[in-house]
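Descriptive structure summary
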Amino acid sequence: MNLKEYIASGIIESYVMGLATESERAEFEQMCGQYPELVAERGKFEESLESYASEQAVPPPGEVKAKILKAIVTMENSRKPRSIGLLRFVAAAAVILLVGMVVLYYQVSQQKKDLASANKELLDRVNSDEETINKIKREVSIPNTTIVSMVGTKRAPQSSANVYWDSTNSSVYLMVKNMPQLASDQQYQLWALIDDKKKNLGVFDATERNIILRMDSTKKAQAFAITIEKRIKGGYPTPTLDSLTSMGKTQLTQ
Amino acid sequence: MGMPNTYTEQQLVAALKERDNPAFVFLYDHYSGALYSIIRQIIGDNGELAGDVLQEVFINIWRKIESYDQTKGRLFTWMLNIARNASIDTLRSKGYQNARKNQELPENVYKAASNQTTQQNVDNIGLKKLLEKLKPEHRVLVELAYFKGFTHEEIAEMMTIPLGTVKTRIRNALLQLREYLK
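Residues numbered from 1 in each chain as written. Chains lettered and ligands numbered in written order. Predicted model: local features only at pLDDT ≥ 70, side-chain atom pairs only at ≥ 80, totals over all residues.

Here we come to the overall build of chain A. Per the secondary structure count, chain A includes 5 helices and 8 strands. In chain A, the succession of α and β elements from N to C terminus is α-α-α-α-α-β-β-β-β-β-β-β-β. A total of 254 residues make up chain A; the buried ones form 20% of that total. Partitioning the contacts of chain A with sequence separation of at least 6, the portion at a separation of at least 24 is 60%. (Helix = DSSP H or I, 4+ residues; strand = E, 2+ residues; numbered from the N terminus. Buried ≥ 20, exposed ≤ 12 C-beta atoms within 10 Å, placed from the backbone. Contact = placed C-beta atoms within 7 Å.)

Here you go:
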């Protein structure tokens, strides 16, 4: 179909008056992009339609204009607060964000301080532990020291401790590695087993790990044992074997 | 009062897209009569209802002016189609149908349409007046398509004539109308 036929087909009128189908519209718009002549023809028809419609105008009821203008003002006003509302929201969000960041900053710097002091404390402790160990090393002459690894019994399989026993000067040190926390009315008690007798070497609490305690001295020991006893001053004279938590045999003196 | 007396179409569209109130007042003053006329031609002799439709149409123009594309046609063409669509929607709305309960049902719209052209003179203005010059078989198709908003398919079914015939007759009728407009 050539352009003249297309123009004469009634498509222009159909398009302008809103009677063309979707595909006809698309085609017409595409053709208009290609042929200025078609656009000019469309313009002519639109102008004649407009001028005829203006001639045939009917004045609308007088109150309609005021109603429309009022409706538009209302629409515009409802449009504006929305943007102010958004602005307020953004401002509020910014303030909240800022406050949040300040709070976060203080928290982080507080945490940093706490961490630093905890670190220092830890370092101090390590240093003091090291000092103690060095002291023990100095005091306990290594060649004559028996290290007894205390093995946890069924009752307390996790418990672990070492006894350092210097047979030359009879001194006993206990290194608590991991002993379960006890009820407040209980305490641990270390015993030396000597020829089927049990000698009280003192009581201790296991509130801290990896501490070294000086216990009572003993000249002889075939084994050491730790029991849990009722908290009394100086400890029980005889162990409650039911509550034996750890035991370790010495390799010497047997 | 600083309100321009005239605008070129370009200026008017630009001002409307800027949501310029005086431009909108100008638009109303210049086009409300023509648009009110087409509304009356479609929904009939109910001035109050037509006024409501006109209000809706201008509010839609205000709202949708951003989407108006000058490459696709004149501003008036665009507004005329908004007015026509709003009028047809009103025609089909429940409220309108209920208000005309005792009149023709939509299935009998062909009958209603042909009755209307002979009975009503009050709104026999504008394009509708031009329809009288058409051959009856053309007139009824334009009436159904343009003034009642039926699709070509619906009309073909309603009138039991082939779709191709409906399309050709409507196109021919429109070409004839164009001649009358000159």
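Looking now at the overall build of chain B. Counting secondary structure elements, chain B contains 10 helices and 0 strands. The order of α-helices and β-strands along chain B, N terminus first, is α-α-α-α-α-α-α-α-α-α. A buried classification covers 33% of the 182 residues belonging to chain B.

Bringing helix α4 (residues 75-92) of chain B into the picture now. A rise of 1.5 Å per residue sets the reference length of α4 of chain B, with its 18 residues, at 26 Å; its end C-alpha atoms lie 26 Å apart and thus fit the reference within 8%. Every buried residue of α4 of chain B is listed here: L75, F76, T77, W78, M79, L80, A83, R84, A86 and S87 of chain B. Buried residues belonging to α4 of chain B abut α2 (11-16) and α4 (36-55) of chain A together with α1 (9-17), α2 (21-43) and α3 (47-64) of chain B. (Expected span 1.5 Å × (residues − 1).)

Core analysis: the largest hydrophobic core is formed by 58 residues, its most contacted members being L35, I39, L54, M79, L141 and A145 of chain B. Tallying contributions element by element places α2 of chain B first for this core, with 12 residues. Each residue touching M79 of chain B, except ones within four places of it in the same chain, is listed here: Y31, L35 and I61 of chain B. Ranked by size, the runner-up nonpolar core spans 23 residues in total, among them A161, L190, A221 and A225 of chain A. (Core = buried A, V, L, I, M, F, W, Y, C linked by C-beta atoms within 7 Å.)

Okay, the interface of chain B and chain A next. Opposite the 37 residues of chain B that make contact, chain A presents 31 residues. Contributions of two or more residues to the side of chain B that touches chain A are made by α2, α3, α4, α8 (136-147) and α10 (163-181) of chain B. Per element, the largest residue contribution to the side of chain B that touches chain A is 9 residues, and it comes from α2 of chain B. Tallied by class, the residues present in the side of chain B that touches chain A amount to 18 nonpolar, 11 polar and 8 charged. (Nonpolar A, V, L, I, M, F, W, Y, C, P; charged D, E, K, R; others polar.)

Turning next to the packing of α2 of chain B against α3 of chain B. Residue and element names in this part refer to chain B. The N-to-C vectors of α2 and α3 enclose an angle of 130°; their axes lie 9 Å apart at closest approach. Classified by the angle between their axes, α2 and α3 sit oblique to one another. Crossing handedness for the pair α2 and α3: right-handed. For the pair α2 and α3, the contacting residues are F24, Y28, S32, L35, Y36, I39, R40 and I43 in the first and L49, A50, V53, L54, V57, F58 and W62 in the second. Of the residues assigned to the contact of α2 with α3, the class counts are 13 nonpolar, 1 polar and 1 charged. (Axes fitted to C-alpha atoms, helices over the stretch in contact; angles between N-to-C directions. Parallel < 35°, antiparallel > 145°, perpendicular 65-115°, else oblique. Left-handed = near helix turned anticlockwise from the far one by under 90°.)

Residues and elements named next belong to chain A. Within the open sheet, the 8 strands sit side by side as β5-β4-β7-β8-β1-β2-β3-β6. Their pairing is antiparallel. Because the sheet does not close on itself, it has two edges, and the strands there are β5 (197-204) and β6 (211-215). Strand-to-strand twist of the sheet, defined as the mean angle between neighbouring strand axes without regard to direction, takes the value 25°. Pairing geometry for strand β7 (residues 223-230) and strand β8 (residues 244-249), over 5 bridges, is antiparallel. (Pairing = 2+ DSSP bridges.)

Turning next to the confidence of the model for chain B. Reading predicted coordinates in detail is not appropriate for stretches of low pLDDT. Taken residue by residue, chain B gives an average pLDDT of 86. The fraction at 70 or more is 84%. Between residues 114-120 of chain B, whose pLDDT stays under 50, and residues either more than four places distant or in other chains, the model counts 5 contacts. (pLDDT = per-residue confidence, 0-100.)

Turning our eyes to something else, we now look at unusual backbone geometry. Positive phi values are uncommon outside glycine, yet S170 of chain A reaches one of about 65°. Mapping S170 of chain A onto the fold places it in the loop between β2 (160-166) and β3 (172-178). Residue S170 of chain A is classed as partly exposed on the basis of its C-beta count, with 13 C-beta atoms lying within 10 Å. A positive phi is found at R19 of chain B, a non-glycine position, where the angle reads about 60°. Positionally, R19 of chain B belongs in the loop between α1 and α2. For R19 of chain B, a count of 15 C-beta atoms within 10 Å corresponds to the partly exposed category.

Right, let's talk about the packing of helix α9 (residues 152-159) of chain B against α10 of chain B for a bit. Residues and elements named next belong to chain B. One can describe the packing of α9 onto α10 by two numbers: an axis separation of 9 Å at closest approach and a directional angle of 115°. On the basis of their axis angle, the class for α9 and α10 is roughly perpendicular. The hand of the α9/α10 crossing is right-handed. Note on element contacts: α10 touches α9 through L163, V166 and K167, opposite H152, E153, I155 and A156. Residues of the contact of α9 with α10, tallied by class, amount to 4 nonpolar, 1 polar and 2 charged.

All right, on to the confidence of the model for chain A then. Confidence in the prediction of chain A, expressed as mean pLDDT, is 84, and 90% of residues score 70 or more. The element-level mean pLDDT for chain A is lowest in β8 of chain A, coming to 79, with α2 of chain A highest at 97.

Another aspect to go through is α3 of chain B. For α3 of chain B, which comprises 18 residues, the first-to-last C-alpha distance of 25 Å matches the rise-based estimate of 26 Å (1.5 Å per residue) to within 8%. Within α3 of chain B, burial applies to A50, G51, V53, L54, Q55, V57, F58 and I61 of chain B.

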